[in-house]
Amino acid sequence: MQEVIQTQVSRHHENILQVLQSYYQLTKPRIILLLLITTSAGMWLASKGEVDPLLLLVTLTGGALASGSANTINCLYDRDIDYIMERTRWRPIPSGRVKPMDALIFAIALAITSFTLLTVFANLLTACLALSGIVFYVLIYTHWLKRHSVQNIVIGGAAGAIPPLVGWAAVTGDLSWSAWLLFTIIFLWTPPHFWALAMMIRDEYQEVGVPMLPVIEGDEVTAKQIWIYSLIMVPSTLLLVYPLHTSGFVYAAIALILGGIFLQKAWELLQSPSERDVARSLFKYSIFYLMLLCLAMVVDSLPVTNDMVMALSQSLPLGLL
Ligand code: HEM
Ligand SMILES: CC(C)=CCC/C(C)=C/CC/C(C)=C/COP(=O)(O)OP(=O)(O)O
């Protein structure tokens with residue numbers, strides 16, 4: 001008897017765990033992680049390397065809840081095509097693990113919690129920016145553009161560029177040129193990031209009628225567009241150093257190296273647009289790139305880095321640094 005009860009209790013726990021896992025998957029957690037890294041970069045730059053830990057915690061939590069809400073509504077809206085595509089068939093809604101209505105309630109709850117948290121513990125601008133991220137991603141990208149325009153992710157990508165603005169606004173209560181530059185960098189990064197992936201899975205998008213660039217214009221045009229965006233993005237990352245003077249030597253060196261590798265991969269793709277492996281390599285690198293670029297911004301902004309660069313420059317005869 002006791003054994004039967006124990007088995008039932010452990011099954012019950014397993015079920016709860018599976019339900020929680022399904023809701024967690026709806027939020028697309030791995031994408032949220034990178035969005036939060038860009039938010040953190042905004043916060044560190046805005047506070048010149050001295051972030052209030054409590055504000056960091058609140059802002060990242062609010063940002064994660066907002067992104068989770070946006071991603072959940074995207075999963076809900078796209079459940080028809082997600083069911084057809086191999087890559088997305090096992091997501092919680094198409095596979096029947098979460099009911100559409102429950103997902104909607106979950107997304108609304110996340111959005112309300114995020115807005116409240118950010119308004120109370122950060123400021124209204126921060127809360128409104130996060131909310132505008134959800135609205136833009138859901139209405140402009142998912143509803144309006146994704147299935148209707150070949151420029152879907154260029155314009156829609158603006159939603160993904162909002163998180164650093166959220167971070168900046170949480171610290172200063174307003175937005176500066178540097179904040180808008182962070183927005184621009186991610187805006188320019190998105191087409192190479194996404195089109196490289198879309199080149200790998202073009203057939204799946206074609207099957208469900210989503211007009212991604214490689215489907216409509218083919219690999220050569222897409223590789224050329226990726227090259228152009230990369231060529232504008234990499235130099236734009238250096239504007240943080242000059243003329244904005246928000247970041248310094250350490251960031252400049254890292255941004256140059258990382259940017260050089262980005263351009264090399266985009267160039268390789270331009271040379272062999274139909275090579276899936278080259279596209280895959282650029283896609284994977286794009287994620288690594290943005291992560292490290294943001295990390296470089298954070299490290300560069302720390303007072304200890306500043307002290308080290310100063311000490312080093314004084315010990316060099318020409319004062320090169
Ligand atoms: C409109 C803009 C964007 C589009 C259309 C897009 C599209 C995608 C797609 C389709 C995937 C594959 C996901 C999967 O296999 O389930 C992906 C992966 C990823 N994206 Fe994006 N993305 C966009 C912007 C962003 C932004 C702004 C970020 C973060 C700053 C980001 C971070 C990531 C990460 C980290 C992954 C890898 C996730 C994993 O490991 O499963 N993306 N993206
Ligand atoms: C401030 C704030 C809340 C911003 C929200 C920004 C946000 C959630 C960006 C996500 C970008 C993304 C993963 C797009 C993929 O969508 P897709 O539908 O093309 O991907 P799929 O085919 O994998 O579903």
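These numbers come from a predicted model, not from an experiment.

J.: How should the site of ligand 2 be read in this particular structure?
T.: Near ligand 2 you find 20 residues, and of these Arg87, Arg91, Tyr137, Tyr141 and Lys146 are the closest. Measuring from an oxygen atom of ligand 2, one finds a side-chain N or O atom of Arg91 at 2.7 Å. Tyr137 places a side-chain nitrogen or oxygen 2.8 Å from an oxygen atom of ligand 2. When isolated, ligand 2 has an accessible area of 640 Å², and the protein chains bury 89% of it. Those elements that provide at least two residues to the shell around ligand 2 are α2 (29-46), α3 (53-77), α6 (124-145) and α7 (152-160). Of the residues belonging to the shell around ligand 2, the class tally is 10 nonpolar, five polar and five charged.

J.: Where do I start with helix α1 (residues 2-26) in this structure?
T.: In a regular helix each residue adds 1.5 Å, so 25 residues correspond to 36 Å; α1 covers 37 Å between its end C-alpha atoms and thus fits that length. Listed as buried for α1 are Ser22, Tyr23 and Leu26. Just beyond α1, the residue with positive phi is Lys28, at close to 55°.

J.: Looking at this structure, how should I read the coordination of the iron atom of ligand 1?
T.: Tetrahedral coordination by four donors sets the ideal angle at the metal to 109.5 degrees; octahedral coordination by six donors sets it to 90 or 180 degrees. Donor atoms from the protein around the iron atom of ligand 1 number only one, His193 (NE2), found at 2.2 Å. Among the structural elements, His193 can be located in helix α9 (residues 177-200).

J.: What should I look at first to understand the environment of Val19 in this one?
T.: Tracing the backbone through its elements, the reader meets Val19 in helix α1. C-alpha of Val19 to C-alpha of Ile155: the two residues are 136 residues apart in sequence and 34 Å apart in space.

J.: Whenever I open this one, the site of ligand 1 confuses me. Can you help?
T.: Near ligand 1 lie 19 residues; those nearest to it are Arg30, Arg87, Arg91, His193 and Phe194. Arg30 is positioned with one of its side-chain polar atoms (N or O) 3.0 Å from an oxygen atom of ligand 1. Taking His193, its side chain carries an N or O atom lying 3.1 Å from a nitrogen atom of ligand 1. For the shell around ligand 1, the secondary structure elements donating two or more residues are α2, α7, α9 and α14 (276-301). For the shell around ligand 1, the element with the most residues is α9, which contributes five residues. For the shell around ligand 1, the residue count by class is 12 nonpolar, four polar and three charged.

J.: Which parts of the structure should I look at to understand unusual backbone geometry?
T.: Leaving glycine aside, a negative phi is the common case for residues, and trans is the common case for peptide bonds. For the bond running from Tyr242 to Pro243, omega is 10°, close enough to zero to count as cis. In this fold, Pro243 is placed in the loop between α12 (219-237) and α13 (249-271). In this model, Lys48 sits at a positive phi of 50°, which is unusual for a non-glycine residue. Within the element layout of this structure, Lys48 appears in the loop between α2 and α3. A positive phi angle is found at His245, which is not glycine, with a value near 55°. Topologically, His245 is positioned in the loop between α12 and α13. By relative accessible area, His245 is classed as exposed at 59%.

J.: Help me understand the packing of α6 against α7 in this model?
T.: Each pair of packed helices can be summarised by the angle the axes make with each other and by the distance between the axes. With their axes 8 Å apart at the nearest point, α6 and α7 run at an angle of 165° to one another. Classified by the angle between their axes, α6 and α7 sit roughly antiparallel to one another. Every pair of crossing elements has a handedness; the one defined by α6 and α7 is left-handed. Counted together, Gly133, Phe136, Tyr137, Tyr141 and Leu145 of α6 and Asn152, Ile153, Ile155, Gly156, Ala158 and Ala159 of α7 form the full contact between these two elements. Along the lines of polarity and charge, the residues of the contact of α6 with α7 split into eight nonpolar, three polar and no charged.

J.: It is not clear to me how the side chain of Thr305 should be interpreted in this structure. Could you clarify?
T.: Secondary-structure assignment places Thr305 in helix α15 (residues 303-315). Judged by relative accessible area, which is 10%, Thr305 ranks as buried. Apart from residues lying up to four places away in sequence, Thr305 is in contact with Val250, Val299 and Asp300.

The rules behind the values
Residues numbered from 1 in each chain as written. Chains lettered and ligands numbered in written order. Predicted model: local features only at pLDDT ≥ 70, side-chain atom pairs only at ≥ 80, totals over all residues. Heavy atoms only, no water. Near = heavy atom within 4 Å. Polar contact = N/O pair within 3.5 Å; in protein donor to acceptor, adjacent residues only side chain to side chain. Areas by Shrake-Rupley, 256 points an atom, 1.4 Å probe, with all protein chains shown as cover. Helix = DSSP H or I, 4+ residues; strand = E, 2+ residues; numbered from the N terminus. Nonpolar A, V, L, I, M, F, W, Y, C, P; charged D, E, K, R; others polar. Expected span 1.5 Å × (residues − 1). Buried < 20%, exposed > 50% of the residue type's maximum accessible area, 1.4 Å probe, protein only. Donors = N, O, S within 2.8 Å, 3.2 Å for Na, K, Ca; no water. Axes fitted to C-alpha atoms, helices over the stretch in contact; angles between N-to-C directions. Parallel < 35°, antiparallel > 145°, perpendicular 65-115°, else oblique. Left-handed = near helix turned anticlockwise from the far one by under 90°. Contact = heavy atoms within 4.5 Å.

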